[in-house]
Amino acid sequence: MLTIYNTMSRSKEVFEPLVAGHVGMYVCGPTVYGEPHLGHARSAVTFDLAFRYLGSLGYRVRYVRNITDVGHLENDADEGEDKIARKARLERLEPMEIAQMYTRRYHDAMRALGVLPPSIEPTASGHIIEQIELVRRIVAAGYGYLSNGSVYFDVEKYARDHPYGRLSGRSTDEMNAGSRSLDGGGDKRSPHDFALWKRAAPGHIMRWPSPWSDGFPGWHAECSAMGAKYLGERFDIHGGGMDLVFPHHEAEIAQGVAACGHTSARYWMHNNMVTVGGQKMGKSLGNAITLEQIFAGAHPLLSRAYSPMTVRFFMLQAHYRSTLDFSDEALQAAGKGLERLMKAVETLDRIAPAPGAGPIDAGELETRLAAAMDDDLSSPLAIAALFDWVRVVNALHDGTTAISAPDLERLRATFRRWVFDILGLGVGTEAAGPDGANDRLAAVMAMVLELRAEAKADRNWALSDRIRDGLAAAGIKVKDRKDGISEWETE
Ligand code: ZN
């Protein structure tokens, strides 16, 4: 029974989808005006794990993760220059050129990290009509007001009619204290009102016509509009980084209630932040580390390059609701751990069963893995269970213990399913070839070694040697053990 921590209720709840067998999951995706960094990776890996695990439980998951390519204004008060337009001006590019370039770099990094593509990846710029319609509904319901060509959400009116601040646990008084005074024009009635539609200043490049002005949607509008379009007005899971709880998700909830009369998501899931040396990571703090820097080893904090799979494993070693402290040492340790785990998977492919060996119950491993993941996706507990069984695998390899054919088959299947399919490890490691190549090689090698064993049983030494030498020429070394079993490894 899967339980997940719901930020809304601040407790673990048994997961029950709205429609039996189906899950709708919306996750706030990247803003594409900068290099993909560790923060992007943590959120993507967290919800990739949820996507994979829900799929493994038999659910058909429709996973929507958006691309924020319209840009946000420079500060919380919705004033200033559009971030993509600013970057475009600095780099002398067309704004869409910037958005597309960083989208591609984000996709490349995610593929390397073994993050599966979501079912639908809508862009904010491709859903302006839907956002205008959302704003129109909010205005018609009396929760939006027009001011100088822009439309704002009336937070005070909303807070009188509905609970506001439940997700973040903030009262409007606290929000008042935290937000800056009315900047510049003073178009807003209250400092905590947020923009639904902004009139574009004359020099603003990204702009669209609307009933109110030539302008662009407020940041929070895109997720409400695209979530409803692809998952319906009510859906199961809404996720994102913890930094999005306020104001983004609080605003989304208010927009949904104002437009549709009810909240959209039933479970709110938030991954915690990445820290560097115990400090919050951020561009403004000068300690933001990009994924490309990690993969290339090009950062003063790094002693060498780390493979994307090492980064993924490093993230999965921590629970998604814990902060994750980044350091060179932590990545080194993760690299060693991953290597040990991969070695065990390879070893399992190479050891041979012993007829009549006593029972080894791989079911115990499966039970522990499922219990770990059912408990709010505890990947660290799942990894700990796998490592307990790596010791069993090593004992099988040393010959200190033996395993029967059916038990070995089950243990192999359990390792493969969990390490590759659910935790998403393995593809993209230095040793791995194109997707699935290792699996195919293992299958071919099992067949070739079986043929060689038959040749030896027929005392056909010439054929047996020819197979061994042919494999050696292809870079595969075969070692014949004293017990008659042959092992192989790639050079
Ligand atoms: Zn969002």
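Since we're looking at a predicted model, the values are computed, not measured.

Undergrad: What am I meant to see in the packing of helix α7 (residues 219-231) against helix α8 (residues 245-260) here?
TA: Think of two packed helices as two axes; the pair is described by the angle between the axes and how far apart they sit. In the contact formed by α7 and α8, the axes pass within 9 Å of each other and the chain directions differ by 55°. Overall, the two elements α7 and α8 adopt an arrangement that is oblique. Pair α7 / α8 crosses with right-handed handedness. Where α7 abuts α8, its residues W219, H220, A221, C223 and S224 lie against P247, H248, A251, E252 and Q255. Across the contact of α7 with α8, the residue classes tally to five nonpolar, four polar and one charged.

Undergrad: Would you explain the sheet that holds strand β12 (residues 279-280) in this entry?
TA: Hydrogen bonds along the backbone pair up the strands of a sheet, which may run parallel or antiparallel. Overall, mixed pairing links the three strands, which are arranged β12-β11-β13 in an open sheet. With one partner strand each, in any of the chains shown, β12 and β13 (324-326) form the two edges of the open sheet. In this structure, strand β11 (residues 274-276) lies alongside β13, joined through three bridges in parallel fashion. Looking at the pairing, T275 lines up with D325 of β13.

Undergrad: Just to check I follow, could you spell out the domain arrangement of the chain for this structure?
TA: As a measure of interface size, the accessible area lost when the parts come together is often cited. Partitioning the chain into structural domains gives domain 1 (16-271), domain 2 (276-422) and domain 3 (437-490). At the junction of the two partners, domain 2 supplies seven residues and domain 3 supplies eight residues. Taken together, both faces of the contact between domain 2 and domain 3 bury some 640 Å²; the carbon and sulfur share is 45%. Remark: the boundary between domain 2 and domain 3 carries zero salt bridges. Inspection of the domain 2/domain 3 interface yields one residue pair in polar contact (both at pLDDT 80 or more). Elements with a minimum of two residues in the side of domain 2 that touches domain 3: α11 (328-350) and α14 (405-422). Tallied by class, the residues present in the side of domain 2 that touches domain 3 amount to three nonpolar, one polar and three charged.

Undergrad: How should the coordination of the zinc ion be read in this particular structure?
TA: For a metal with four donors in a tetrahedral arrangement, the ideal angle between donors is 109.5 degrees, while six donors in an octahedron ideally sit at 90 or 180 degrees. Protein coordination at the zinc ion comes from C28 (SG), C223 (SG) and H248 (NE2), with a distance range of 2.0 to 2.1 Å. In primary-sequence terms, the residues that donate to the zinc ion follow C-x194-C-x24-H. One end of the pair, C28, is in the loop between β3 (22-27) and α1 (38-56); the other, C223, is in helix α7, and 195 residues separate them in sequence. Like C223, C28 is buried.

Undergrad: Teacher, can you tell me more about the packing of α1 against α14 here?
TA: Orientation of α1 relative to α14, taken along the N-to-C sense of each, is 140°, at an axis distance of 10 Å. Considered as vectors, α1 and α14 are oriented oblique to each other. The residues of α14 that touch α1, namely those facing L49, R52, Y53 and S56, are R417, W418, F420, D421 and I422. Partitioned by chemical class, the residues of the contact of α1 with α14 number five nonpolar, one polar and three charged.

Undergrad: Could you clarify how one ought to interpret the pattern of salt bridges in this entry?
TA: Pairs can form between side chains of opposite charge whenever their charged atoms are close. This structure, assessed with the given rule, holds 22 salt bridges. Here R105 ties to E35 by a salt bridge, and the two come within 3.9 Å at their closest N and O atoms. Here R105, found in helix α3 (residues 95-112), pairs with E35, found in the loop between β3 and α1; they are 70 residues apart in sequence, far enough to count as distant. On the basis of relative accessible area, E35 is assigned to the partly exposed category, the value being 25%. The salt bridge involving D154 is made with R189; its shortest N-O contact spans 3.4 Å. Taken together, the residues D154 in the loop between β6 (150-153) and α5 (155-161) and R189 in the loop between α6 (172-178) and β7 (194-199) connect sequence positions 35 residues apart. Since its relative accessible area comes to 58%, R189 is described here as exposed. Linked through salt bridges whose partners overlap, the residues forming this network are E35, R105 and E292.

Undergrad: How should I be thinking about α3 in this particular structure?
TA: The α-helix winds at 3.6 residues per turn, so residues separated by three or four positions along the chain end up facing the same way. In this model, α3 (18 residues) spans 26 Å end to end at C-alpha, consistent with the 26 Å of a helix rising 1.5 Å per residue. Every buried residue belonging to α3 is among P95, I98, A99, Y102, T103, Y106, A109 and M110, and all of these are buried. Seen from one end, α3 has its buried residues packed into an arc of 130°, which puts them on one side. More than 90 degrees from the buried face of α3, the exposed residues found are R104 and R111. Once α3 ends, the next one or two residues include G114, with phi positive near 75°.

Undergrad: Looking at this structure, I do not really get empty space enclosed by the protein. What am I missing?
TA: The method is simple in principle: a probe with the dimensions of a water molecule rolls over the atoms, and the space it marks as empty is what remains. Tallied over the full model, the rule gives three cavities of 30 Å³ or more. Taken as a whole, the largest cavity encloses approximately 80 Å³ of empty space. The wall of the largest cavity is formed by R42, V45, T46, L49, M315, L316, A318, H319, Y320, L377 and S379. Those elements giving two or more residues to the lining of the largest cavity turn out to be α1 and α10 (308-316).

Undergrad: Help me out: how do you make sense of the nonpolar core in this one?
TA: A general trend in soluble globular proteins is that nonpolar side chains are found buried together. Judged by nonpolar contacts, the single largest core of 79 residues is most densely connected at L38, F326, L411, F415 and L425. For this core, the element with the most residues is α1, which contributes ten residues. Among all residues touching L38, those that are not within four sequence positions of it are V274, M281, I289, L291, I294, V311, M315 and F326. Counting 49 residues, the second largest nonpolar core, distinct from the first, contains I132, W212, A254 and A259.

Undergrad: For this particular structure, what's the right way to read the confidence of the model for the chain?
TA: Predicted confidence across the chain gives a mean pLDDT of 90, with 92% of residues reaching 70 or more. Predicted confidence for residues 177-185 stays below pLDDT 50, and this span has eleven contacts to residues more than four positions away or in other chains. Predicted confidence for residues 428-436 stays below pLDDT 50, and this span has eleven contacts to residues more than four positions away or in other chains.

Undergrad: Is there a simple way to explain the side chain of D236 in this structure?
TA: By secondary structure assignment, the location of D236 is in strand β9 (residues 235-241). According to the relative accessible area criterion, D236 is buried, its value standing at 4%. Apart from residues no more than four positions distant in its own chain, D236 is found in contact with F15, E16, P17, L18, H22, V23, G24, A265, R266 and Y267.

Thresholds, definitions, all that
Sequence order sets the numbering: in each chain, residues are counted from 1 along the sequence as written. Whole-chain, interface and lining totals are the exception, using all residues; otherwise, since this is a predicted model, local features are given only for residues with pLDDT of at least 70 and side-chain atom pairs are given and counted only at 80 or more. Side-chain metrics rest on all non-hydrogen atoms present in the structure, leaving aside hydrogens and water. Simply put, an axis is a line fit to the C-alpha atoms, just over the touching stretch for a helix, and the angle between two N-to-C directions goes from 0 to 180 degrees. For helices the rule is a DSSP run of H or I covering at least 4 residues; for strands it is a run of E covering at least 2, with both sets numbered from the N terminus onward. Our angle categories are set so that under 35 degrees counts as roughly parallel, over 145 as roughly antiparallel, 65 to 115 as roughly perpendicular, and the remainder as oblique. By the definition used in this description, the sense in which the near helix is turned from the far one sets the handedness, with an anticlockwise turn below a right angle giving left-handed and a clockwise turn giving right-handed. In what follows, residue pairs with any heavy atoms lying within 4.5 Å of each other are defined as contacts. The classification used treats Ala, Val, Leu, Ile, Met, Phe, Trp, Tyr, Cys and Pro as nonpolar, Asp, Glu, Lys and Arg as charged, and all other residues, Gly among them, as polar. Paired strands, in this sense, are two strands between which DSSP finds at least two bridges. Domain boundaries shown here were taken from an automatic or database domain assignment. For any pair of parts, buried area is found by adding up, for both, the accessible area (1.4 Å probe) each one loses once the two are put together. Salt bridges are defined as contacts in which a side-chain nitrogen from Lys or Arg sits within 4 Å of a carboxyl oxygen from Asp or Glu. Two N or O atoms form a polar contact when they lie within 3.5 Å of each other; inside protein one atom must be a possible hydrogen donor and the other a possible acceptor, and for residues adjacent in sequence the pair counts only when both atoms belong to side chains. Coordination here is defined by N, O and S atoms within 2.8 Å of the metal (3.2 Å for Na, K and Ca), and since water is not considered, a site can look incomplete. Three labels apply to residues, based on accessible area from a 1.4 Å probe with only protein chains included: buried if under 20% of the type maximum, exposed if over 50%, partly exposed otherwise in between. Under the convention used throughout, the expected extent of a helix is 1.5 Å for every residue step, that is, one less than its residue count. The reported arc concerns the directions from the helix axis to the C-beta atoms and nothing else. Using a grid of 1 Å spacing that covers the protein atoms alone, one calls a set of points a cavity when a 1.4 Å probe fits there but cannot get out, and a pocket when the set is open and has protein on both sides within 12 Å along at least five of seven lines; lining residues are those with an atom within 4 Å of a point. Grid points are joined across faces, edges and corners, and a volume is the space filled by probe spheres set on the points. The nonpolar core is taken to be a set of buried Ala, Val, Leu, Ile, Met, Phe, Trp, Tyr and Cys residues, with the residues joined through side-chain atoms within 4.5 Å. Across the chain, each position has a pLDDT score giving the predictor's confidence in that residue, from 0 to 100.

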